[in-house]
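Summary of structural features
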Amino acid sequence: MLQWVSWTETARFHSPLHNGNLDEQIIEVRQDPLTGHQSIYNTALEGKASILFPATDQNYLEERAAATKATCFLCDGKWRSMTPSYPKDFIPQGRLLQGEAVLFPNLFPLSAYHAVVMVGNKHYRPLNDFPEDLLADALTLAVDFVRICAEKTPNIPFFTINANYLFPAGASVTHPHLQILGATQPGTHHRLLLNTSRNYKNLTGVRYWDELVASERQENQRYIAQIDETHWMAAYSPMGVNEILAVFSNTPSFLQWKDTHIRAAARGLSRVLSSYHALGFSTFNFSCFSGPLRQDDGSFTCVLRIIVRQNVTPHYRTDDYYFQKLLQNEIMIVRPEKLAEHMRGFF
Ligand SMILES: [Zn+2]
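Residues numbered from 1 in each chain as written. Predicted model: local features only at pLDDT ≥ 70, side-chain atom pairs only at ≥ 80, totals over all residues.

Side note on the overall build of the protein
Looking only at helices and strands, the protein has 9 helices and 14 strands in total. At 21 Å, the protein has a C-alpha radius of gyration in line with the 20 Å of a compact globule built from 347 residues. Viewed in the frame of its principal axes, the protein has a C-alpha envelope of about 70 × 55 × 35 Å. Evaluated residue by residue, the protein yields a buried proportion of 39% over its 347 residues. Looking at the protein alone, contacts between residues at least 24 apart form 69% of all its contacts between residues at least 6 apart. (Helix = DSSP H or I, 4+ residues; strand = E, 2+ residues; numbered from the N terminus. Rg over C-alpha atoms; globule rule 2.2 N^0.38 Å. Buried ≥ 20, exposed ≤ 12 C-beta atoms within 10 Å, placed from the backbone. Contact = placed C-beta atoms within 7 Å.)

Side note on the sheet that holds strand S14 (residues 329-331)
Adjacent strands of a sheet form backbone hydrogen bonds with each other and so pair up, either parallel or antiparallel. An order of S1-S2-S3-S14 is seen for the 4 strands of this open sheet, with the pairing classed as mixed. If you trace the sheet from one side to the other, it starts and ends with strand S1 (5-15) and S14, each paired once. Neighbour-to-neighbour, the strand axes of this sheet turn through a mean angle of 25°, independent of strand direction. As paired strands, strand S2 (residues 21-31) and strand S3 (residues 38-42) are joined by 5 bridges and run antiparallel to one another. The residue bridging Glu28 from the neighbouring strand is Tyr41, located in S3. (Pairing = 2+ DSSP bridges. Axes fitted to C-alpha atoms, helices over the stretch in contact; angles between N-to-C directions.)

Digging into the domain arrangement of the protein
Domain boundaries assigned for the protein yield domain 1 (5-46) and domain 2 (53-344). For domain 1 versus domain 2, the distance between C-alpha centres works out to 30 Å. With 10 residues of domain 1 at the interface, the matching set in domain 2 holds 14 residues. When residues of the side of domain 1 that touches domain 2 are traced back to their parent elements, those giving at least two are S2 and S3. Counting residues per element, the side of domain 1 that touches domain 2 draws most heavily on S3, which supplies 4 residues. Residues that form the side of domain 1 that touches domain 2 fall into these classes: 3 nonpolar, 5 polar and 2 charged. (Domains from an automatic or database assignment. Nonpolar A, V, L, I, M, F, W, Y, C, P; charged D, E, K, R; others polar.)

Observations regarding the sheet that holds strand S13 (residues 303-308)
Reading across the sheet, the 10 strands line up as S4-S5-S6-S8-S7-S12-S13-S11-S10-S9 and stay open at both edges, with antiparallel pairing between neighbours. The sheet is open, and its two borders are formed by strand S4 (96-98) and strand S9 (223-227), each paired with just one other strand. Each strand axis lies, on average, 15° off the axis of its neighbour in the sheet, ignoring direction. Examined bridge by bridge, strand S10 (residues 230-234) and strand S11 (residues 241-248) share 5 bridges and lie antiparallel to one another. Following the sheet pairing, Thr230 is matched in S11 by Phe248. Relative to the sheet, helix H4 (residues 132-152) contacts S4, strand S5 (101-105), strand S6 (113-119), strand S7 (158-165) and strand S8 (177-183), its axis offset from that of S6 by approximately 160°.

Some thoughts on the packing of H4 against helix H7 (residues 259-278)
Viewed as axis vectors pointing N to C, H4 and H7 meet at an angle of 135°, and their least axial separation amounts to 8 Å. In terms of their interaxial angle, H4 and H7 are classed as oblique. Here H4 runs over H7; the crossing is right-handed. Facing H4, whose interface residues are Glu132, Leu135, Ala136, Leu139, Thr140 and Val143, H7 presents Ile262, Arg263, Ala265, Ala266, Arg267, Leu269 and Ser270. Counted by class, the contact of H4 with H7 contains 8 nonpolar, 2 polar and 3 charged residues. (Parallel < 35°, antiparallel > 145°, perpendicular 65-115°, else oblique. Left-handed = near helix turned anticlockwise from the far one by under 90°.)

Brief notes about the nonpolar core
Val117, Ala138, Leu139, Ala142, Ile180, Phe284 and Val303 are the most contacted members of the largest nonpolar core, which totals 81 residues. Residue contributions to this core peak at 11 residues, all from H4. Ignoring anything within four residues of it in the chain, the contact list for Val117 reads Ala101, Val102, Leu103, Ala138, Leu141, Ala142, His177 and Leu178. (Core = buried A, V, L, I, M, F, W, Y, C linked by C-beta atoms within 7 Å.)

Things to note about unusual backbone geometry
For Asn19, which is not a glycine, the phi torsion comes out positive at approximately 55°. Within the secondary structure layout, Asn19 lies in the loop between S1 and S2. Although it is not a glycine, Gln328 adopts a positive phi angle of roughly 55°.

A few points about helix H6 (residues 208-219)
Helical geometry note: an α-helix holds 3.6 residues per turn, so side chains three or four residues apart project in the same direction. Under the 1.5 Å per step criterion, the end-to-end length of H6 is 16 Å for 12 residues, consistent within 8% with the ideal 16 Å. Those residues of H6 that sit buried are Tyr208, Trp209, Leu212, Val213 and Glu216. For H6, the buried positions fall inside an angular range of 135° around the axis, keeping them on one side. Asn220, located one to two residues past H6, shows a positive phi value of around 55°. (Expected span 1.5 Å × (residues − 1). Arc of directions from axis to C-beta.)

Describing the pairing of S1
With 0 of its 11 residues buried, S1 lies for the most part at the surface. Counted between consecutive antiparallel strands, the loop separating S1 from S2 contains 5 residues, among which Asn19 sits at a positive phi close to 55°.

Describing the pairing of S8
Most of S8 is tucked away: 5 of the 7 residues are buried. Where S6 lies against S8, 6 bridges are found, and the strand directions are antiparallel. Each bridged residue has a counterpart across the sheet, and for Met118 the counterpart in S8 is His177.

See the structure below:
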């Protein structure tokens, strides 16, 4: 079973909030069992949550959605003429289509492969309006794309499927979309996951992710639900606010994804997004990591991380500052154990 590493730090000072009396605050620090990533929890921040994460300004959000719809290059079928397309010897029709989802190349790629998937015809969706069927169509295109890449260019083995939703989460386009990256080398966190998973397997003889699922299931503190071969849980030491982690059982890379994997990922994502919506959040990021295509050494399996970002409101403050971006720590606004309890009601 995994060892959960945590400790406390104590801060003492005279507080004007307590008539100048000595205040003592206990800060809980947690460390991810695989990567060592640190997250902190301070009960004193509970009262500050509404200041740190002010509610979504619904009127402002709708105003922004309407303003960006007029110039949206995806709406009303404009994607047909306004999005780039792949060379015919790579994808004969230039783009991939499935239901209301369309895959095309990013005009400003960040790696050798950088595809975008338009997720449905609607320009704006609240987080409780990402239906499972729509997400399944979008993920089907993502996985089909990875298969095509694997066939054409076996020297490009490192893939992730990602999303930014709304501008506080980094999206330059409001219209819901996914992004698929494929490169000759893994990105920074991807590399960390692959290397630490390999080291863990070499040291213990077992796959870390199998241990994690077994531990979380047994303890039942952060475990949320199983959907087919996927296991959904609140991350012990989250990398972002309200992180939910999904582990795919014995699925080394995207090339092993069957319809059941796509369906499970779509259902889980749809439920997580609905539960974020119920908590009042309006934005998110997710990344799904694959092991290197056709290079399975038994140490890795596909994993997905999804987090919320700052809500849509005028003059919003970023949730990513030196503590996250440069020190690479995170703050827990809600205890993962409490988050899991909330999420179970949506699964
Ligand atoms: Zn649009």
